[in-house]
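Inside the fold
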Amino acid sequence: MTTNPGSSPAGEFKAADLYAKIQRAFTPHQPISLPELLAGRLGLIHRVTDAVNTEGLHVVLYGDRGTGKTSIARVVAHLVQEPEKPSGRRCVLISCTADDSFTGIWRKVGQEVLLTQRQIGFLQQETRAITGRLDLDSAVVSPSDARIFLESIDNQTVIVIDEFDRVRDPGTRSLMADTIKFFSDHGVRATLILVGVGKSLSDLLQEHLSISRNIAQVPVDPMGMAELAQIIQNGCKFTGLKYAEGLDTEIAKLSQGYPHYTHLLGLWAGRKAIEARHLEITFEDLEKAIPDVLRNAAGGLQEQYERAVDSTNPNALFKEVLLACALVRKDSLGRFGVGALAEPLELITGKEYKTSAAYQAHLGRFCETDRGPVLERSGEIKSYRWRFLNPQLIPYVVLQGVSGKMIQASRVGPRQRT
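Attention in this report is confined to the structure presented alongside it. This structure is a prediction, so every number in the text was calculated from the model and none was measured.

Listing the buried residues of helix α12 (residues 301-309) in full gives Leu 301, Tyr 305, Ala 308 and Val 309. The arc that holds every buried residue of α12, seen down its axis, measures 85°, which confines them to one face.

The buried fraction of strand β3 (residues 157-162) amounts to 6 of the 6 residues, a majority that puts the element mostly inside the structure. The pairing of strand β2 (residues 90-95) with β3 spans 6 bridges and is classified as parallel. Bridging from a neighbouring strand, Val 92 pairs with Ile 159 of β3. As paired strands, β3 and strand β4 (residues 190-197) are joined by 5 bridges and run parallel to one another. Across the sheet, Ile 161 pairs through a bridge with Leu 194, a residue of β4.

Moving on: unusual backbone geometry. A negative phi holds for most residues other than glycine; trans holds for most peptide bonds. A cis geometry characterises the amide bond from Gly 372 onward to Pro 373, with omega recorded as -5°. By the secondary structure assignment, Pro 373 is in the loop between α15 (360-366) and β8 (375-378). Backbone geometry at Arg 277 places phi at a positive 60°, although glycine is not the residue there. Topologically, Arg 277 is positioned in the loop between α10 (259-275) and β7 (280-281).

Take the packing of helix α1 (residues 15-25) against helix α8 (residues 225-239) next. The N-to-C vectors of α1 and α8 enclose an angle of 150°; their axes lie 9 Å apart at closest approach. One finds that α1 runs roughly antiparallel with respect to α8. Judged by the sense of rotation from one axis to the other, the crossing of α1 with α8 is right-handed. Contacts between α1 and α8 involve Leu 18, Lys 21, Ile 22, Arg 24 and Ala 25 from the former and Gly 235, Phe 238 and Thr 239 from the latter.

Quick look at the pattern of salt bridges now. Considering all chains together, one arrives at 16 salt bridges under this definition. A salt bridge links Arg 65 to Asp 165, with the nearest nitrogen and oxygen atoms 3.6 Å apart. Taken together, the residues span a long stretch of sequence, with Arg 65 in the loop between β1 (58-63) and α3 (69-80) and Asp 165 in the loop between β3 and α7 (170-186) at a distance of 100 residues. Taking relative accessible area as the criterion, Arg 65 reaches 44% and is therefore assigned partly exposed. Overall, Asp 165 belongs to the buried group, its relative accessible area being 18%. The partner of Lys 181 in a salt bridge is Asp 185, and the shortest N-O contact between them spans 2.9 Å. With Lys 181 and Asp 185 both in helix α7 and 4 residues apart, the pair spans about one turn of that helix. Asp 185 sits in the partly exposed class, given a relative accessible area of 42%. The network of salt bridges with common partners includes Lys 181, Asp 185 and Arg 213.

Turning our attention to the packing of helix α4 (residues 102-114) against helix α6 (residues 143-151). Running from N to C, α4 and α6 cross one another at 5°; their axes reach a closest spacing of 11 Å. Here α6 runs roughly parallel to α4, going by the angle between their axes. Judged by residue contacts, Phe 102, Trp 106, Val 109 and Gly 110 of α4 engage Pro 143, Ala 146, Phe 149 and Leu 150 from α6.

Right, let's talk about the sheet that holds β3 for a bit. Judged by pairing direction, the sheet is parallel, and its 5 strands sit side by side in the order β2-β3-β4-β1-β5 without closing on themselves. Only two strands of the sheet have a single neighbouring strand rather than two, namely β2 and β5 (215-219). The average angle at which neighbouring strand axes cross in this sheet is 15°, direction not considered.

This paragraph deals with helix α14 (residues 342-349). The complete set of buried residues in α14 reads Ala 342, Pro 344, Leu 345 and Ile 348. Seen along its axis, α14 keeps its buried residues to an arc of 165°; they face one direction. Of the surrounding secondary structure, the elements contacted by the buried residues of α14 are α13 (318-327). The first or second residue beyond α14 is Gly 350, which carries a positive phi of 80°.

What follows covers the packing of aromatic side chains. A complete count under the given rule lists 7 aromatic pairs for this structure. When the ring of Tyr 353 is compared with that of Tyr 359, the centres are 5.8 Å apart and the planes differ by 80°; the resulting orientation is edge-to-face. Classification of Tyr 353 by relative accessible area gives buried; the value is 12%. When the ring of Tyr 384 is compared with that of Trp 386, the centres are 5.9 Å apart and the planes differ by 70°; the resulting orientation is edge-to-face. Owing to a relative accessible area of 23%, Tyr 384 belongs among the partly exposed residues under this scheme. For Trp 386, a relative accessible area of 3% gives the class buried. Among the aromatic residues, those joined into a cluster by ring pairs are Phe 102, Trp 106, Phe 149 and Phe 183.

Definitions and cut-offs
Residues numbered from 1 in each chain as written. Predicted model: local features only at pLDDT ≥ 70, side-chain atom pairs only at ≥ 80, totals over all residues. Heavy atoms only, no water. Buried < 20%, exposed > 50% of the residue type's maximum accessible area, 1.4 Å probe, protein only. Helix = DSSP H or I, 4+ residues; strand = E, 2+ residues; numbered from the N terminus. Arc of directions from axis to C-beta. Pairing = 2+ DSSP bridges. Axes fitted to C-alpha atoms, helices over the stretch in contact; angles between N-to-C directions. Parallel < 35°, antiparallel > 145°, perpendicular 65-115°, else oblique. Left-handed = near helix turned anticlockwise from the far one by under 90°. Contact = heavy atoms within 4.5 Å. Salt bridge = Lys/Arg side-chain N within 4 Å of Asp/Glu carboxyl O. Phe/Tyr/Trp six-rings, centres within 6.5 Å; stacked < 30°, edge-to-face > 60°.

If you want it as structure tokens, here you go:
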């Protein structure tokens, strides 16, 4: 058992206070902005902060959805501001949509500057406003316009442009790349932090080769076991709750690298403990929390899962094979071969599979549109490799397996890459 400071004696049980604290400690549906609650990402935070503090350098944060990119950007924004200085550094956060243009993005920036009480610091704290005259009547259509726009502000500015991957217009992406180079070449007192889903810098920016020296490329990978366990440790310390020995590790395993699930599991397991009016989160609380976690997972995952495994044949193996795909050891790109599925599938079904004939066809079906697709195939015949199109589906499938009694939570291994 792990004991945390600040836990209340049973006679002083205050459910309302605990509910409020656990809601603040575990935030699966919103980015983290408190540095003390962002576990396991200190190295990335240092990299981004160092880039912000380097003249002429800008930042691109990229990776799978759900790896905590926005939280990292928000915490950095919190750390680098200088609210005590009238002309000190200020931070602005905007989010993109599919239809945003270059002009539209900069209009959003201008609107956030004007709404200083909303955008300064990202936290409810006392600070100073951005100073200077800002003209929103003149459209920003070029990098030079963006420079003039920002030079009307007295403060050095950090601009976080979140969900940049959603921008469909290639001209907007190209102009943003030109803006980064222009800002660096002309010493504009502003830093751009672009945040988006992608496997590489080229997924977000068109003209990335010409600006590589002006950009700190920061990939945000799924988190390790110790980092995910630290989310539970920090959250429980914040709330004053205890947790059963090994619970933090088990939640980390079930999360398969994605902090969204760690926060969901911590939140709902904590709620179950509070409902039972005890101050230690137990494995029983965790088990009771899993159905709530599955109902509240973000991103349409329930629909994706049901579509993938739907079958009127009671002997079909779609659920079992998809679970084996989630549990199998994968390479550094998240890929696996058909032969590797035998071991996890035997664990799930209790049957021995000497050949892949019983389940190989399922992999092909998972690549078809009527089942999502949930997998994509690469390589040549007899050496095909498969990977999940949406890696966040992996922990969801694992939790479905635990909830459906196909596998015990204790038998789930950590997210592995060969």
